[in-house]
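Chain and residue survey
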2 protein chains.
Amino acid sequence: MKCQIVSIGDELLLGDTVNTNASWLGQVLAEHGVEVTQVHMISDNGLMIKQTLRRAMRESDLVITTGGLGPTHDDITKKTVAELFDVEMTIHEPTLKFIKKIFKQRNIPFSKSNYYQAEVPENCEVLFNKQGTAPGLWFEESDSRLAVLPGIPHEMKGLIETEVLPKIDALTDGITRRFAFHIKMAGVGESTLSDEIIGSLHDFLSDDLTVAYLPSPQANTLRINVQAKSEQEAMDKTRELKKYIYARADDMIIGEGKDMTLSEATGNILRENKLNISVAESCTGGLLANTITDTPGSSDYMMGGIVAYANSIKTEQLKVSEKDLKEYGAVSKQVALQMARGVATVMNSDIGVSTTGIAGPGGGTDEKPVGTVWIGFWSTNHHFALHIQLTKDRNINKQRTVAITLEMVRRIASGVETMPYGLKPHFA
Amino acid sequence: MKCQIVSIGDELLLGDTVNTNASWLGQVLAEHGVEVTQVHMISDNGLMIKQTLRRAMRESDLVITTGGLGPTHDDITKKTVAELFDVEMTIHEPTLKFIKKIFKQRNIPFSKSNYYQAEVPENCEVLFNKQGTAPGLWFEESDSRLAVLPGIPHEMKGLIETEVLPKIDALTDGITRRFAFHIKMAGVGESTLSDEIIGSLHDFLSDDLTVAYLPSPQANTLRINVQAKSEQEAMDKTRELKKYIYARADDMIIGEGKDMTLSEATGNILRENKLNISVAESCTGGLLANTITDTPGSSDYMMGGIVAYANSIKTEQLKVSEKDLKEYGAVSKQVALQMARGVATVMNSDIGVSTTGIAGPGGGTDEKPVGTVWIGFWSTNHHFALHIQLTKDRNINKQRTVAITLEMVRRIASGVETMPYGLKPHFA
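Heads up: these notes are all about the structure in this document. Note that the structure is a prediction, hence the values are computed from the model and not measured. (Residues numbered from 1 in each chain as written. Chains lettered and ligands numbered in written order. Predicted model: local features only at pLDDT ≥ 70, side-chain atom pairs only at ≥ 80, totals over all residues. Heavy atoms only, no water.)

1. A word on the overall build of chain A
Secondary structure assignment for chain A yields 15 helices and 18 strands. A buried classification covers 59% of the 428 residues belonging to chain A. Across chain A, every contact between residues at least 6 apart in sequence was considered, and the portion connecting residues at least 24 apart equals 67%. Of the roughly 18,000 Å² that chain A leaves accessible, carbon and sulfur atoms contribute 48%. (Helix = DSSP H or I, 4+ residues; strand = E, 2+ residues; numbered from the N terminus. Buried < 20%, exposed > 50% of the residue type's maximum accessible area, 1.4 Å probe, protein only. Contact = heavy atoms within 4.5 Å. Areas by Shrake-Rupley, 256 points an atom, 1.4 Å probe, with all protein chains shown as cover.)

2. Some details on the environment of arginine 177 of chain A
Residue and element names in this part refer to chain A. Following the sequence through the fold, arginine 177 ends up in strand S9 (residues 177-185). C-alpha of arginine 177 to C-alpha of leucine 287: the two residues are 110 residues apart in sequence and 39 Å apart in space. For arginine 177, the contacting residues outside a window of four places in its chain are Glu31, His32, Gly33, Thr172, Val226, Gln227 and Ala228. At 3.4 Å, the side chain of arginine 177 and the backbone oxygen of glutamate 31 are in polar contact. (Polar contact = N/O pair within 3.5 Å; in protein donor to acceptor, adjacent residues only side chain to side chain.)

3. Topic: the interface of chain B and chain A
Every contact between the two is made by 74 residues of chain B and, on the other side, 72 residues of chain A. Both sides together, the interface formed by chain B and chain A hides about 5,500 Å², and carbon and sulfur atoms give 53% of it. Linking chain B with chain A are 4 salt bridges, by the criterion used here. Between aspartate 16 of chain A and arginine 223 of chain B there is a salt bridge; the shortest N-O distance is 2.5 Å. Between chain B and chain A we count 30 residue pairs in polar contact (both at pLDDT 80 or more) in total. (Buried area = accessible area lost by both parts, 1.4 Å probe. Salt bridge = Lys/Arg side-chain N within 4 Å of Asp/Glu carboxyl O.)

4. Comments concerning the packing of helix H10 (residues 262-272) of chain A against helix H15 (residues 394-414) of chain A
Residue and element names in this part refer to chain A. Interaxial distance between H10 and H15 falls to 9 Å at its minimum, and their mutual angle equals 30 degrees. In terms of axis orientation, H10 runs roughly parallel to H15. As for how H10 packs across H15, the hand of that crossing is left-handed. Contacts from Leu262, Ser263, Ala265, Thr266, Ile269 and Leu270 of H10 reach H15 at Ala403, Leu406, Glu407, Val409, Arg410, Ala413 and Ser414. For the contact of H10 with H15, a count of residues per class yields 8 nonpolar, 3 polar and 2 charged. (Axes fitted to C-alpha atoms, helices over the stretch in contact; angles between N-to-C directions. Parallel < 35°, antiparallel > 145°, perpendicular 65-115°, else oblique. Left-handed = near helix turned anticlockwise from the far one by under 90°. Nonpolar A, V, L, I, M, F, W, Y, C, P; charged D, E, K, R; others polar.)

5. Looking at the sheet that holds strand S10 (residues 209-214) of chain B
Residues and elements named next belong to chain B. Taking strand neighbours across the sheet as the criterion, the 4 strands line up as S10-S11-S9-S12 in an open arrangement whose pairing is antiparallel. Two strands lie at the open edges of the sheet, namely S10 and strand S12 (253-256), each paired on one side alone. For this sheet the average axis-to-axis angle between neighbouring strands, irrespective of direction, equals 25 degrees. Bridge count for S10 against strand S11 (residues 220-228) is 6 bridges, and the pairing is antiparallel. In the strand pairing of S11, alanine 212 is matched with arginine 223. (Pairing = 2+ DSSP bridges.)

6. Examining the sheet that holds strand S6 (residues 125-127) of chain B
With mixed pairing, the 12 strands of this open sheet are ordered in space as S6(A)-S7(A)-S8(A)-S3(A)-S1(A)-S2(A)-S2(B)-S1(B)-S3(B)-S8(B)-S7(B)-S6(B). Edge positions in the open sheet fall to strand S6 (125-127) of chain A together with S6 of chain B, since each of these has one partner strand only. When strand polarity is set aside, the average angle formed by the axes of neighbouring strands in this sheet is 20 degrees. Bridging between strand S1 (residues 2-8) of chain B and strand S2 (residues 35-42) of chain B involves 7 bridges; their strand directions are parallel. Along S2 of chain B, the bridge assignment pairs glutamine 4 of chain B with glutamine 38 of chain B.

7. Let's talk about the packing of aromatic side chains
Residues and elements named next belong to chain A. Applying the stated rule across the entire model yields 10 aromatic pairs over all chains. The structure contains a cluster of three or more aromatic residues connected by ring pairs, namely Phe377, Phe384 and Phe427. Sitting over the ring of tyrosine 116, lysine 78 keeps its end group 4.9 Å from the ring centre. The aromatic ring of phenylalanine 181 is capped on one face by lysine 242, whose charged end is 5.0 Å from the ring centroid. (Phe/Tyr/Trp six-rings, centres within 6.5 Å; stacked < 30°, edge-to-face > 60°. Lys NZ or Arg CZ within 6 Å of the ring centre and 35° of its normal.)

Here it is, written out as structure tokens:
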């Protein structure tokens, strides 16, 4: 099954928005046996939209558009599609009712442009959008299908998952398609992982079975692609390869599945071991607590955190010694160790972790340049700190510090003895 | 000057790579008066590349391709372009010399596939690539120009900046081009903003002067596009429109510029007024502190925060009354008010804010469904809470709560009397 994606919006061509929708669609569709042959990014221009859709529907079995369904006058996708098929617009009552409900709940007056959101071309099947005011539209015309979806990523993804994929699965049932398995690994660099830890996988691979490394700040993904007729066949074909990868990289594998995060993996281990945690953050400024609490159900093991940006918070709330703070500075092994113990004491948690560093862009010295970070760990059995030297980029430094901290916790709670990136623990 | 971008590579269609090259090009080209009318993402397929390039060159003044210039067998862009123009390949000696030097420096044997990297179609002008082994290619044929560039982002960007932009600037010198101004507004929905607050801008607009609303979780952007010969002329042409927008929406305008964030705008007002702030977070779980500290220099006004996930942290660290916690529940006006005052007291800050709510997906009740959130504010002059009803989505609920909290702080610190989204303050 061949598909073309049409991403609509001036903001895409001006570069104000990066087209992450297209790459997400490419991945998901490939997993459901659909080959994306082209992506078109075009402006909110009626003539251009019509030309592109007409050609794309002639050339492929499925066309998916995203964008241009908002309530403002520059959003013209819906009207243009009605013109393309030469049909009238009609009000979709369930959508109108739903939109009115949303506005009532949020105490916002219902305006004329919102009413327009409930209008749909009369030849479409409505894909009900539970997460927003723009319904998705599904058309079957000639030998092709057209899905018209909003550009807001979570609304588009919701409609793909609940409405569009079931239609695709029904159309591709029983044919050979592509399956993907994702193995996630943390605390290791991509090239170390591929060159040294896992090494050549040549003997396992073929045209039907390939692998790709996908790096990301929290965890590297090893994706296995396999051609098969069913999920069972796909699993059978990849069994030996997966066994080999686990034998080589067991300690750093945090879990499987495209959506598995380091936060979730660490949380699962804490929950299994009936451990709870609290965090004391300086340089990460709340990102560590936020990453932990992004995982639903994290209140099972997350007690809370203290963001100690000012030094007075470190001494008063976290009981860091004023003398040590003065002698060694806020970014030091001593302060990291005391922050970790302090937060665990104050919050009465099994584990306390801490971050203190120079996130940048300013604040560096010759001795402690931007990117210098100490991470602390405290539990009744362990008390140590890790030292890392990161980049000049504030956001990257915050993200990497959080990733290393979570992987440190995951490894200790799992009984793994090596630290992420082979870092050496420093003791008091 | 009209341009089409052709991004070549299977990895783009499979979604393994997000096409950040296209958005970067869109921004840079717009700033140099070039309008990107279409972006095509296509696979490493000779026929597809030729078809797409032929059409794009017919339709526009400039075509830029990225990708498919590597040494491996799946990279066929260069060979395909030679076929398109029906010319032979020839060795580019300076590139060959440069590649051999790189390999010698890195102690890598020079192989046949590397020799191929120095071959170029005989009708091209070579754009010398100082950062890699694939030279850029420049063609002028019929009435159009074609730039063939590598897909590796820093190589592509280097070639654009040193080789392609000077050619574009020479072509567009003194001609009318497009300028963009961004006005950012917070605490208001996109449709309320466009329909009620700002209303029709019809009298100001023309083919040369258009506006677009770009919604985002933190702040809506109103982008003004104007055709002009210089920045001064662009400013003159937009003066009346901007004056009108400011007159209509002054209270909700947080600043100008594409990169202005709500966090930065709020921080600037706090710094100007010599106010500092601390935050007590339950449902936002650290995202509020993290958003504030994402802004460099935020240590000027950010004291710190307490993430009070467990109820014991609320009573012990934030001095929330145990009785009220039991009587009204953690998600209540009383607890929000006490958390805000508590964190300001404990951290000795001018302003304390708090968030408590049911982020979801679980934990809702009939009386307090998922998405119920209370936000607290405390300063010596103000003590109140806002009540909002959000969605079923955990991440959206966290993000919206943070956006409303920051905008609430910005408005109070700016002396604005209305609250975001017209919310009514609830007092103790």
